[in-house]
Amino acid sequence: MDVVLKNIVKTYNKGKVKAVSDVSFSVEKGELFGLIGPDGAGKTTIFRILATLLLPDEGTASVNGHDAVNDYKEIRKRIGYMPGKFSLYQDLSVEENLNFFATLFNTSIEENYELIRDIYTQIEPFKTRRAGKLSGGMKQKLALCCALIRSPSLLLLDEPTTGVDTVSRKEFWEMLKGLKEQHITILVSTPYMDEATLCDRIALIQDGEILSINSPRKIINQFPDQLYAVKSQKMSRLLADLRQSSTISSCNSFGEYHHITLHQGNTFEMQKKLINEMEHLGHTQIEIKSIAPTIEDCFIKLMS
Amino acid sequence: MRTLRFLLQKEFRQIFRNSNILRMIIAMPIIQLLVMPLAADYEIKNIRISLVDHDRSPNSQKLKNKIIASGYFELNDFNVSFDESYEQFQRNNSDLIMEIPKDFEKSLVVDKQANLFIAVNAINGTNATVGSAYLNRIIGSFNRDIRLDWITSNNSVNTATIEVSSLNWFNPFLNYPSFMVPGILVILVTMVGAYMCALNIVKEKEVGTIEQINVTPVKKHHFILGKLIPFWAIGIFVFTLGLFGVAWLVYGIVPLGSLLTLYVFLAIYLIALLGIGLIISTYSNTQQQAMSLAFFCMMVFLLMSGLFTPVDSMPEWAKWIAIANPVTYFIDVVRLVVLKGSGFAALKTQFLIISLMAVFFNTWAVLNYKKTM
């Protein structure tokens, strides 16, 4: 086990605001572990505790067997932490930033070039540019390089893809896959549910509590009901009407479709009944189809 | 040591890349030292006076001439009634009214005693006190003159008069810049040092780079030294620029005492000062907070330092603030060394106190600077 958290509790403002309550999970060596949850779920607090920047109120956290409170110095030698907010020196160039963080760990760019090569080659054409003048995606790549150049055994990436465009996000996850092959343990957090399936295992977190920990596939398989996608001409009215319907057990808006689950019973009969009901209420071009649930469906189910 | 070298390299790189900071360290001392001592002059001249002469006698004429000839006063108006002069007061055209009563000369000769009336416009407090003091002295001297006149003309008995003549040591001509420039130099070093140090660290907090440093094995004292040394060097540079570039070249002020004493004191003073900057940075999370806090401290430090008003004339409680104020000691030492030529032996107390302050402020700052925030 590379990372172990046991019953971590952290409150702010002298106990008034509960950020994390009784969180326990562990990450195996070489694993790509995702913390999935909305803003304010407590993801950053967990990262900061692991990065030894915050002391937990209760519970223990350890990295590579070193306690986050007592052995923080050992942990700091082994982790690469990339905070959610870009926090490199904006007035230093790409190369200077990288060099600076390498030297603080008594190493050099040349020594660990292999680790960052795939990522660094993408920003190398801009190496004399000041970090503050880079685009969002490039800033993230530089931050990842700076976290990697120290050759860490654990990478802590706090929302690395927030505020980054879709293409860069995809590229970023490709890079993480590449790093996994180098046996670096990665703990990553994201508010985007679609990124969850790219992790080996995920923890769904909400209001400082962990809802479920498993591989994305298993979490999806645990979804208890058959899920349907429904569509009609007037989507917002449909949502309200569906929620009124006696046949429906849950109904949520998911972009183009509304995702629903039905009450127990003959599914074919129920569908028919539902369509009739909706047509009666004036909906036209009603479309209903059974679909496989996504992580987001699971998350909403677990939340309720 | 290797880590510290890289931290310093990074810090200097950032400073020299920031054109605003460069402008501040070079232009600010020169401009302030050129402008402030010339404008902020204590010597009060051109006090506007309104005269009301009801007597119109040779003696009242003599008194009037004596006042105008002193060079401190400027005759604003010459009236026959007090009301008219008071009108000038109301319009803020004059600072002083002197009313010479009717029969001034007569009572002076007959009763050997005469009264004068002086009204002072106290809106500008300094003008009022200084102006009336000048006027009293002139009247006193006028009084002596006529008494001597009569005594010598009536009988030739010598009367004992006490003549006070004073000599201004260390600044014989009461040259205002030579008194003020060293003080302003201290202010400059203080502002540049404390502000820049505090703001720099808080900026790292605000941008989040301090967290990146915190998760590295960089030691607390390396980080702090990496911040203090550059600003210590900048403080010494600013002082040197002000002392040689402006005070010596422009005002011709050459330190009488040893430069070594001055610079050793400066070095210790800067350590104390940067400690204060560090304390400010540990108590603030944004540059705005740091700026307000630093501004507050600077105002207190500067006004309670004896630069503008002597510490000795402050009330008892204010003296204690001045005693706890590092700026007080530096202004004291700079003036003593530059104007009087005092050596280390005469400044032992100041050296001891500033050293204690350096230790105290920095200990406080380091204790308050927590690596796990």
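**Some thoughts on the overall build of chain A**
Next up, step 1: In terms of helices and strands, chain A carries ten helices and 14 strands.
Next up, step 2: Taking the principal axes of the C-alpha coordinates as reference, chain A spans close to 70 × 45 × 35 Å.
Next up, step 3: Out of the 304 residues belonging to chain A, those deemed buried represent 53%.
Next up, step 4: In chain A, once contacts between residues fewer than 6 apart in sequence are set aside, the share between residues at least 24 apart is 67%.
Next up, step 5: Surface accessibility of chain A: about 14000 Å² in total, with carbon and sulfur atoms responsible for 47%.

**Concerning the domain arrangement of chain A**
It is common to give the size of an interface as the accessible area lost on bringing the parts into contact.
Residues and elements named next belong to chain A.
Next up, step 1: Looking at chain A, the domain boundaries give domain 1 (3-220) and domain 2 (227-303).
Next up, step 2: Its C-alpha centre places domain 1 at a distance of 38 Å from the equivalent point of domain 2.
Next up, step 3: With 15 residues of domain 1 in contact, the opposing surface of domain 2 contributes eight residues.
Next up, step 4: Counting the surface lost from both domain 1 and domain 2, the interface buries some 870 Å², and carbon and sulfur atoms represent 88% of this.
Next up, step 5: Among the residues of domain 1 in contact with domain 2, M193, L211 and I220 are the three that bury the most area, contributing 59% of the side total.
Next up, step 6: One can count zero salt bridges joining domain 1 with domain 2.
Next up, step 7: Secondary structure elements with two or more residues in the side of domain 1 that touches domain 2: β9 (201-206), β10 (209-214) and α7 (216-221).

**A look at the environment of Q289(B)**
Residues and elements named next belong to chain B.
Next up, step 1: With respect to the helices, strands and loops of the structure, Q289 is situated in helix α11 (residues 287-303).
Next up, step 2: Exposure remark for Q289: the relative accessible area of 40% places this residue in the partly exposed category.
Next up, step 3: Sequence-wise, Q289 and S85 are 204 residues apart; in three dimensions their C-alpha atoms are separated by 51 Å.
Next up, step 4: From its side chain, Q289 meets the backbone nitrogen of N285 in a polar contact 2.7 Å long.

**What about the pairing of strand β2 (residues 73-79) of chain B?**
Residue and element names in this part refer to chain B.
Next up, step 1: Strand direction decides the pairing type here: strand β1 (residues 47-53) and β2, joined by six bridges, are parallel. When the bridges of β2 are listed, I47 appears paired with F73.
Next up, step 2: Crossover β1 to β2 through helix α3 (residues 58-69) is right-handed.

**Here we look at the sheet that holds β1(B)**
Residues and elements named next belong to chain B.
Next up, step 1: With mixed pairing, four strands are arranged side by side in an open sheet as β2-β1-β3-β4. In this open sheet, the two strands that pair with only one neighbour each are β2 and β4 (117-120). Mean inter-strand twist for the sheet, computed between neighbouring axes without regard to direction, equals 20°.
Next up, step 2: As paired strands, strand β3 (residues 96-100) and β4 are joined by four bridges and run antiparallel to one another. Residue pairing across strands places L96 opposite V120, the latter belonging to β4.
Next up, step 3: Taken strand by strand, helix α4 (residues 82-90) contacts β1, β2, β3 and β4, and its axis lies near 175° from that of β3.

So, how was this worked out
- Residues numbered from 1 in each chain as written.
- Chains lettered and ligands numbered in written order.
- Predicted model: local features only at pLDDT ≥ 70, side-chain atom pairs only at ≥ 80, totals over all residues.
- Heavy atoms only, no water.
- Helix = DSSP H or I, 4+ residues; strand = E, 2+ residues; numbered from the N terminus.
- Buried < 20%, exposed > 50% of the residue type's maximum accessible area, 1.4 Å probe, protein only.
- Contact = heavy atoms within 4.5 Å.
- Areas by Shrake-Rupley, 256 points an atom, 1.4 Å probe, with all protein chains shown as cover.
- Domains from an automatic or database assignment.
- Buried area = accessible area lost by both parts, 1.4 Å probe.
- Salt bridge = Lys/Arg side-chain N within 4 Å of Asp/Glu carboxyl O.
- Polar contact = N/O pair within 3.5 Å; in protein donor to acceptor, adjacent residues only side chain to side chain.
- Pairing = 2+ DSSP bridges.
- Right-handed = clockwise from strand over helix to strand, strands pointing away.
- Axes fitted to C-alpha atoms, helices over the stretch in contact; angles between N-to-C directions.

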